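So the chains spell out like this:
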Amino acid sequence: MVLVAGLSSDNSIWNSIIDVLAKSFRITVFDNRGAGRSSQSMGSYSIKQLAGDCIQLLEQLNITSAYFAGHSLGGQIVQEIAISYPQYVAKAVIITSTYHYPEFAKMHFQNVARLMEQGVNSELVFRTIFPWVFSSSFLRQTEMVDLSLQAFQATVYPQSYAGYCGQIAALREYNSFDELSMINAPVLLITGDDDLLIPTAHSEIMLEAIPNSYHARIADCGHIPQIEAPGRLANLIHQFLR
């Protein structure tokens, strides 16, 4: 099973569910171009490029077919793999992702880039991001917010400004809508009911467009179920893939 992280995240974003999934699947995790221990060079990336990176890794590991789960930006990478490299995809789980990011989300990403460019301290950057990615019920839990803030700030491999700009360039341009019908693998679309960044309606549109697709909603959850609802997320993945 290949786990593909979202914008800014390295593979540690899966830590909350990886042990549970590893009981049933052999897990492959990696860092996308622009994050973690992968190169974070300046320049515009593309989803096709990031999908190609993943396929090159699988070729090196002699993996010819796998289950995939992608979160947010990673969900777009998984879509592209299912479209351009269908032979690799046995089943796919697309988590709080979309065929094309809405304009308000792209504006938010650009605003974060400006904060990073100006050297604003990381705590303020994350506090700017949190209302977009966490549910109202989570944000009311001050202790959980503080713990999450500490965890994000303590990451061993922080994303650079160059890496962030490269990744948002990739998601800004991507639009898979006209190609969704080409996805033949079974697909589970998972959304958070309180996701401000990508409204549930996007998954409902994808549900209509992808022939063999299913939709699961996580109540009282925002954009990052790995943090807000790891148990429910792991159960949904396991039930779909078993």
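Placed above this text is the structure.
Structure report, in brief. Every value quoted in this text rests on a predicted model; they were computed, and no experiment measured them.

1. Notes on the overall build of the chain
Thought 1: The number of helices and strands found in the chain is 11 helices and six strands.
Thought 2: In terms of C-alpha radius of gyration, the chain reaches 17 Å, essentially the compact-globule figure of 18 Å for 242 residues.
Thought 3: Overall size of the chain, expressed as C-alpha extent along the three principal axes, is 45 × 35 × 35 Å.
Thought 4: For the chain, contacts bridging at least 24 residues in sequence account for 75% of all contacts bridging at least 6.
Thought 5: When the accessible area of the chain is evaluated, it comes to approximately 10700 Å², of which 51% is carbon and sulfur surface.
Thought 6: Where the 14 positive side-chain charges of the chain centre and where its 21 negative ones centre are 4 Å apart.

2. Digging into the pattern of salt bridges
Any two side chains of opposite charge can pair, on the condition that their charged atoms come close.
Thought 1: Using the criterion set out here, one finds eight salt bridges in the structure.
Thought 2: With a closest N to O distance of 3.1 Å, Glu123 and Arg127 form a salt bridge. Of this pair, Glu123 and Arg127 both sit in helix H5 (residues 122–133), four residues apart, which is roughly one turn of the helix.
Thought 3: A salt bridge links Asp146 to Arg127; the nearest nitrogen and oxygen atoms lie 3.7 Å apart. Taken as a pair, Asp146 in helix H7 (residues 142–153) and Arg127 in helix H5 lie far apart in primary sequence, 19 residues in all.
Thought 4: Residue Arg127 is classed as partly exposed on the basis of its relative accessible area of 39%.
Thought 5: One salt-bridge network, in which partners are shared between bridges, spans Glu123, Arg127 and Asp146.

3. Focus on the sheet that holds strand S2 (residues 28–29)
Thought 1: An order of S2-S1-S3-S4-S5-S6 is seen for the six strands of this open sheet, with the pairing classed as parallel. The open sheet has two edge strands, S2 and strand S6 (213–218), and neither has a second partner.
Thought 2: Here two bridges tie strand S1 (residues 2–4) to S2, and the two strands are oriented parallel to one another. Following the sheet pairing, Leu3 is matched in S2 by Val29.
Thought 3: Sheet strands in contact with helix H11 (residues 230–241) are strand S3 (66–71), strand S4 (89–95), strand S5 (187–192) and S6, and its direction is about 155° off that of S4.

4. Digging into the packing of helix H4 (residues 103–117) against helix H8 (residues 161–173)
For any two helices packed against each other, one specifies the inter-axial angle together with the distance between the axes.
Thought 1: Contact pair H4 / H8: the axes reach a minimum separation of 10 Å and the direction vectors enclose 165°. Of the possible angle classes, the one that applies to H4 and H8 is roughly antiparallel. In this structure, the crossing between H4 and H8 has a hand that is left-handed. Two secondary-structure elements touch here, H4 through Lys106, Phe109, Gln110, Val112, Ala113, Met116 and Glu117 and H8 through Tyr161, Tyr164, Cys165, Ile168, Leu171 and Arg172.

5. Some remarks on the packing of H4 against H5
Thought 1: At a closest axis distance of 10 Å, the pairing of H4 and H5 adopts a crossing angle of 170°. Here H4 lies roughly antiparallel to H5, going by the angle between them. The residues of H5 that touch H4, namely those facing Phe104, His108, Val112 and Leu115, are Val125, Thr128, Ile129 and Trp132.
Thought 2: A per-class count over the contact of H4 with H5 returns six nonpolar, two polar and no charged.

6. Side note on the pairing of S5
On a regular strand, each side chain points to the face opposite its neighbour's, so the side chains alternate between the two faces of the sheet.
Thought 1: Counting buried positions over the six residues of S5 gives six, a clear majority of the element.
Thought 2: Taking every second residue as pointing to the same face, both faces of S5 are buried, with Val187, Leu189 and Thr191 on one and Leu188, Ile190 and Gly192 on the other.
Thought 3: Here S5 pairs with S6 via six bridges, running parallel. Looking at the pairing, Thr191 lines up with Arg217 of S6.
Thought 4: With respect to chirality, the unit in which S5 leads through helix H9 (residues 200–209) into the neighbouring parallel S6 is right-handed.

Basis of the calculations
Residues numbered from 1 in each chain as written. Predicted model: local features only at pLDDT ≥ 70, side-chain atom pairs only at ≥ 80, totals over all residues. Heavy atoms only, no water. Helix = DSSP H or I, 4+ residues; strand = E, 2+ residues; numbered from the N terminus. Rg over C-alpha atoms; globule rule 2.2 N^0.38 Å. Contact = heavy atoms within 4.5 Å. Areas by Shrake-Rupley, 256 points an atom, 1.4 Å probe, with all protein chains shown as cover. Lys, Arg positive; Asp, Glu negative; His and termini not counted. Charge placed at Lys NZ, Arg CZ, Asp CG, Glu CD. Salt bridge = Lys/Arg side-chain N within 4 Å of Asp/Glu carboxyl O. Buried < 20%, exposed > 50% of the residue type's maximum accessible area, 1.4 Å probe, protein only. Pairing = 2+ DSSP bridges. Axes fitted to C-alpha atoms, helices over the stretch in contact; angles between N-to-C directions. Parallel < 35°, antiparallel > 145°, perpendicular 65-115°, else oblique. Left-handed = near helix turned anticlockwise from the far one by under 90°. Nonpolar A, V, L, I, M, F, W, Y, C, P; charged D, E, K, R; others polar. Right-handed = clockwise from strand over helix to strand, strands pointing away.

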